[in-house]
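# Commentary on secondary and tertiary structure
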Amino acid sequence: MDEIPNESESGAFPVAERLRSLPEHDPNDAVENAILSRLADNWHRRATVKRREESLDDVFERDRPDFPVALLPFRNHPTYLGLDDKVKAKILAWGWVAFNKNIMDIEQYVVNPGFSLIVKDAFDTGLGETMAIAVTQAMVDEQYHTLMHLNASAVTRRQRGWRMPDSALPLGYKTRRHANRLAAAETPEQQVLVSLAFTTVAEISINAHLDLIAEDHEIQPVNRMTAVLHNRDEYCHASIASTVVQEAWKRFTADQRGYFLTALADGMEAFAAHDFTTWARIMELLGVAGGGQMLRDIENTSGSGRLLQDFSGLRQLYQEMDVLDAVPFDWSTVTTDAP
Ligand SMILES: [Fe+2]
Ligand SMILES: [Fe+2]
C-alpha cells in the first residue's frame, strides 16, 4: 500500500505552513458548522461503539444462508445452478467473509487515511476544531466497524466449522483500485485529491452498500444486524463527508477540481463493481469445477450488472456542488432517487 504523503511535503495546500507553526488556540478563528457541531455533540449517545456488545454466537441461526444469493454475480449461470447445496452454502459463507473483508479493507486503507488528512485540514476547509472532533470520532467508528465485521466473520467460521481465513483472499477490489490510482498520481497534491475523492465516494455510498445486507430478512440475523448497526453510524459519516468536501471544493483551483471529479468518477466505478478477482479465488479454494470459466463468462457479458447500483447520495452531493454534469460517469448504468 502506498503511503499518502503528508501534505506538508507537497506544498500544495497552505495547511503545511500552519502545521509547522502551531497557532495559539483562538475559539473565534474557525468557521463553525452546525451539522458538524450537532454530530460531534451527540456522538456519545448515538455511536455503535458506545453500545453494549451482544453475544453473536447466542443469536446465530444455523439454518439461514450467510449471504444473499441475489448478490452473487453468477447466480443464474448453469455451473452455479448445478452445484450441490453444500457447495452453494460454502459459496455464500465465503461471500459473507469476503464482504466483511472488503469493508475492513476500505476502512483501513481508504477511509481512515482519508479522514486523517481531513483532520489535519490538508484541504484547508477552515472548519476548525469541531470538524477535527467529528472526523476523529468517525475514525473511532471506523475502527469499531472493522472489529464488528471481524467478529461477524469469526462467528460464521466458528458456527459453520469452516476455516475460511481472510488471509486466503486478495485485497478487496475497491481498495486495490484506490491503491492503483494513488500509484498513478503524478504529484503528492494529486494523491491527496485521490484520497479525498475515494473517501467521499466510500462514505456517501456505503449506506446503499450495507443496505444490500441490512434489508435482507432471509439471511443470518447476525449478519443483517451487523450491517444495520454499521449503517446507523454511516448516515452521520455521510453528512460529515458531504460537509467537508463542499468546503474543500470551494478552495480548489480549476486544475484541482478537474482532477478531483475524475477521481470521484473512478471511485464510483470501483465501488459499483463486483469483485471478480476475489470470487475467482473463492472458486479456486472450493475447487469448483468450471468456476473460473463461469466468472469469465459473466465478466465478459455486457450488462452483467453492478454490485452497487444506488448512487442517490452522491448524485445529491454533486447537485449541491453544482457539478452533476461535470462528473465523467455514466448515470444511465445506475439508479438514483434524487430529483
Ligand atoms: Fe464504517
Ligand atoms: Fe464511515
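What counts as what
- Residues numbered from 1 in each chain as written.
- Chains lettered and ligands numbered in written order.
- Predicted model: local features only at pLDDT ≥ 70, side-chain atom pairs only at ≥ 80, totals over all residues.
- Helix = DSSP H or I, 4+ residues; strand = E, 2+ residues; numbered from the N terminus.
- Buried ≥ 20, exposed ≤ 12 C-beta atoms within 10 Å, placed from the backbone.
- Contact = placed C-beta atoms within 7 Å.
- Axes fitted to C-alpha atoms, helices over the stretch in contact; angles between N-to-C directions.
- Parallel < 35°, antiparallel > 145°, perpendicular 65-115°, else oblique.
- Left-handed = near helix turned anticlockwise from the far one by under 90°.
- Nonpolar A, V, L, I, M, F, W, Y, C, P; charged D, E, K, R; others polar.
- pLDDT = per-residue confidence, 0-100.
- Expected span 1.5 Å × (residues − 1).
- Core = buried A, V, L, I, M, F, W, Y, C linked by C-beta atoms within 7 Å.
- Arc of directions from axis to C-beta.

On a plain count of helices and strands, the chain comes out with 13 helices and zero strands. Listing the helices and strands of the chain from first to last along the sequence gives α-α-α-α-α-α-α-α-α-α-α-α-α. The proportion of buried residues among the 339 residues of the chain is 40%. In the chain, of all internal contacts separated by at least 6 residues, the share reaching a separation of at least 24 is 85%.

Now for unusual backbone geometry. Although it is not a glycine, D121 adopts a positive phi angle of roughly 55°. One non-glycine residue, D124, lies in positive phi territory at about 55°. Within the secondary structure, D124 sits in the loop between α5 (85–119) and α6 (128–160).

Running from amino to carboxyl end, helix α7 (residues 173–184) crosses helix α10 (residues 254–272) at an angle of 155°, the nearest separation of the two axes being 8 Å. In terms of orientation, α7 and α10 fall into the roughly antiparallel class. In the packing of α7 onto α10, the handedness of the crossing is right-handed. For the pair α7 and α10, the contacting residues are Y173, K174, R177, H178 and R181 in the first and A263, D266, A270 and F271 in the second. In the contact of α7 with α10, the residues fall into four nonpolar, one polar and four charged.

Right, let's talk about the confidence of the model for the chain for a bit. Scored by pLDDT, the chain has a mean of 90; 89% of the residues are at 70 or more. Segment residues 1–12: pLDDT under 50, and 33 contacts once partners within four positions in sequence are set aside and those in other chains are kept. Across residues 14–23, confidence stays below pLDDT 50; counting only partners more than four residues off in sequence or on other chains, it has 13 contacts.

Turning next to α10. Relative to the 27 Å expected for 19 residues at 1.5 Å per residue, α10 spans 27 Å between its end C-alpha atoms, a close match to the ideal helical length. All buried positions along α10 are accounted for by Y259, F260, L261, A263, L264, D266, G267, M268, A270, F271 and A272.

This next bit is on the nonpolar core. Residues A197, V201 and I240 are the most contacted members of the largest nonpolar core, which totals 76 residues. With 17 residues, the top contributor of residues to this core is α5. Excluding anything up to four places from it in sequence, I240 contacts L36, L39, A134, V135 and A138.

Below, the discussion takes up the packing of α5 against α6. It is at 9 Å that the axes of α5 and α6 come closest, and there the two elements cross at 165°. One way to sum up the angle between α5 and α6 is to call them roughly antiparallel. Considering how the two elements wind past one another, α5 and α6 form a crossing that is left-handed.

This part is about the environment of R176. Tracing the backbone through its elements, the reader meets R176 in helix α7. In this structure the C-alpha to C-alpha distance between R176 and D105, which are 71 residues apart in sequence, comes to 9.3 Å.

Before going further, it helps to spend a moment on the environment of V323. Mapping V323 onto the fold places it in the segment after α13 (312–321). For V323, a count of 15 C-beta atoms within 10 Å gives the class partly exposed. Spatially, the C-alpha atom of V323 lies 8.4 Å from that of L261, the residues being 62 residues apart in sequence. In this structure, V323 is in contact with L261 and Y318, ignoring residues within four places of it in sequence.

A word on helix α11 (residues 276–286). Buried residues of α11: T278, W279, I282 and M283, and no others. Looking straight down α11, one finds that the buried residues subtend no more than 140° of arc, so they occupy a single side. In this structure, the buried residues of α11 make contact with α5, α7 and α12 (291–299). The positive-phi residue at the C-terminal boundary of α11 is G287, with phi of around 65°.

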